[in-house]
Amino acid sequence: MTRSIRPLIVGNWKMNGLTASLNEFNAFGAGNDAALRRAVDLMICPPATLLFALAHSAPGKGISIGAQDCHVKDSGAHTGDLSAVMLADAGASAVLVGHSERRADHGENDAIVRAKAEAAYRNGLTAIVCVGETRAEREAGKTLSVIRRQLKGSVPEMMTAHDLVIGYEPVWAIGTGLTPTAKDVEEVHAAIRAELKKIIGKEEGARTRILYGGSVKPTNAKELLAVANVDGLLVGGASLKAEDFLTIAGFYR
Ligand code: 13P
């Protein structure tokens, strides 16, 4: 498959993974063979407790390490929080911001997500900015307006294709086994591409990777990654096992 944008598959482990997962991570590395490395970038976002260990076992595996969230500030009196400075220091090269679970569980709005993306940018981390509509918003025909509003509010204008990735994750598709049709994914990704060009400029917007996420499995990944403007996938549950994750990435071979 000829592509102008190098694809990226991100595994978001969410609140899963203990020290025993380090063995599983070795299997991720072992399966990332030369053909796969040529074809696709791979990233795992482990829980913060495993970030340092995975980042230090990553060299040679061809898998980069991302964090799942960061604070808007670089340091200070914020008990329990982690800054982008700390995540970079621990070995992360990217951070998810604005995941719908953060938006829902921690009341994160677009302004907070934007400030987190700025913190990532300031500290040399790629910000993976997540957007997505709820079931009610989709049923009300508001999907595209919601996505545009989230992008406008969450993506800082100075970002470039090098330090920004967009994750489109319909909230109703996460962990449910449901996925939008290929046509629906195509429509949303085209709208994201157009909006990105307005926010960060035509050239950067055209080159920024836009990932689809929400119930991606080995059984549906091939169809999803064939959709126009899908430059990779953001995988939750199916990223916990090397075999599933590598099968999904393997469709890019
Ligand atoms: P699932 O793949 O488990 O639906 O999770 C998607 C997700 O939220 C990844 O960030």
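Bear in mind that the values here come from a model prediction, so they are computed numbers and not experimental data.

### Quick notes on the overall build of the protein chain
What the protein chain contains, in helices and strands, is 12 helices and 8 strands. The C-alpha atoms of the protein chain give 17 Å as radius of gyration, which agrees with the globular expectation for 253 residues (18 Å, within 12%). Across its three principal directions, the C-alpha atoms of the protein chain cover 45 × 45 × 35 Å. Counting only residues that meet the buried cut, the protein chain has 50% of its 253 residues in that class. Sequence separation of at least 24 residues holds for 72% of the intrachain contacts in the protein chain that already meet a minimum separation of 6.

### Focus: the site of the ligand
Around the ligand, the surrounding shell consists of Asn 12, Lys 14, His 99, Glu 169, Ala 173, Ile 174, Gly 175, Gly 214, Ser 215, Leu 234, Gly 236 and Gly 237. Here an oxygen atom of the ligand and a backbone polar atom of Ser 215 are 2.8 Å apart. Gly 236 places a polar main-chain atom, nitrogen or oxygen, 2.9 Å from an oxygen atom of the ligand. The protein chains hide 96% of the 310 Å² of surface that the ligand would expose on its own. Within the shell around the ligand, the residues separate by chemical class into 3 nonpolar, 7 polar and 2 charged.

### Notes on the sheet that holds strand E1 (residues 8-12)
Pairing is parallel around the closed barrel formed by 8 strands, whose spatial order is E1-E2-E3-E4-E5-E6-E7-E8. Averaged over all neighbouring strand pairs, the angle between strand axes comes to 25 degrees, with direction disregarded. Pairing of strand E4 (residues 94-97) with strand E5 (residues 126-131), which is carried by 4 bridges, proceeds in the parallel orientation. From the neighbouring strand, Ala 94 faces E5, where its bridge partner is Thr 126. Relative to the sheet, helix H3 (residues 48-57) contacts strand E2 (41-45) and strand E3 (63-67), its axis offset from that of E3 by approximately 160 degrees.

### Observations concerning the packing of aromatic side chains
Summed over all chains, the structure comprises 4 aromatic pairs. Ring geometry for Phe 25 against Phe 28: centres 6.2 Å apart, planes inclined by 35 degrees, an arrangement best described as tilted. Of this pair, Phe 25 and Phe 28 both sit in helix H1 (residues 21-31), 3 residues apart, which is roughly one turn of that helix. Across the pair, Phe 28 and Phe 25 agree in class, each one buried. Every member of this aromatic cluster is reached through a ring pair, and the members are Trp 13, Phe 25, Phe 28 and Phe 245.

### Comments concerning the pairing of strand E7 (residues 209-213)
Looking along a regular strand, one sees the side chains alternate between the two faces of the sheet. With 5 of 5 residues buried, E7 lies mostly within the body of the structure. Burial along E7 is two-sided: the face carrying Arg 209, Leu 211 and Gly 213 and the face carrying Ile 210 and Tyr 212 are both buried. Note: strand E6 (residues 164-168) against E7, 4 bridges, orientation parallel. Within the sheet, the bridge partner assigned to Ile 166 lies in E7 and is Ile 210. The pairing of E7 with strand E8 (residues 232-235) spans 2 bridges and is classified as parallel. Note on E8: the bridge partner recorded for Tyr 212 is Leu 233.

### A short note on the packing of helix H8 (residues 143-154) against helix H9 (residues 182-200)
Put simply, H8 and H9 touch, their axes get as near as 10 Å, and they point 30 degrees apart. Pair H8 / H9 crosses with right-handed handedness. Between H8, through Thr 143, Leu 144, Ile 147, Arg 148, Leu 151 and Lys 152, and H9, the contact on the second element is made entirely by Glu 187, Val 188, Ala 191, Ile 192, Glu 195 and Ile 199. In terms of residue class, the contact of H8 with H9 is made up of 7 nonpolar, 1 polar and 4 charged.

### Notes on the pattern of salt bridges
For the structure shown, the criterion picks out 19 salt bridges. For Asp 41, the salt bridge goes to Arg 209, with nearest N and O atoms at 3.0 Å. Note that Asp 41 is positioned in strand E2 and Arg 209 in strand E7, a separation of 168 residues in sequence. Judged by its relative accessible area of 25%, Asp 41 is partly exposed. When salt bridges that share partners are traced, they join Asp 69, Arg 102, Glu 108 and Lys 116 into one network.

Here is what the cut-offs are and how they apply
- Residues numbered from 1 in each chain as written.
- Predicted model: local features only at pLDDT ≥ 70, side-chain atom pairs only at ≥ 80, totals over all residues.
- Heavy atoms only, no water.
- Helix = DSSP H or I, 4+ residues; strand = E, 2+ residues; numbered from the N terminus.
- Rg over C-alpha atoms; globule rule 2.2 N^0.38 Å.
- Buried < 20%, exposed > 50% of the residue type's maximum accessible area, 1.4 Å probe, protein only.
- Contact = heavy atoms within 4.5 Å.
- Near = heavy atom within 4 Å.
- Polar contact = N/O pair within 3.5 Å; in protein donor to acceptor, adjacent residues only side chain to side chain.
- Areas by Shrake-Rupley, 256 points an atom, 1.4 Å probe, with all protein chains shown as cover.
- Nonpolar A, V, L, I, M, F, W, Y, C, P; charged D, E, K, R; others polar.
- Pairing = 2+ DSSP bridges.
- Axes fitted to C-alpha atoms, helices over the stretch in contact; angles between N-to-C directions.
- Phe/Tyr/Trp six-rings, centres within 6.5 Å; stacked < 30°, edge-to-face > 60°.
- Left-handed = near helix turned anticlockwise from the far one by under 90°.
- Salt bridge = Lys/Arg side-chain N within 4 Å of Asp/Glu carboxyl O.

None of this, on its own, says anything about what the molecule does.
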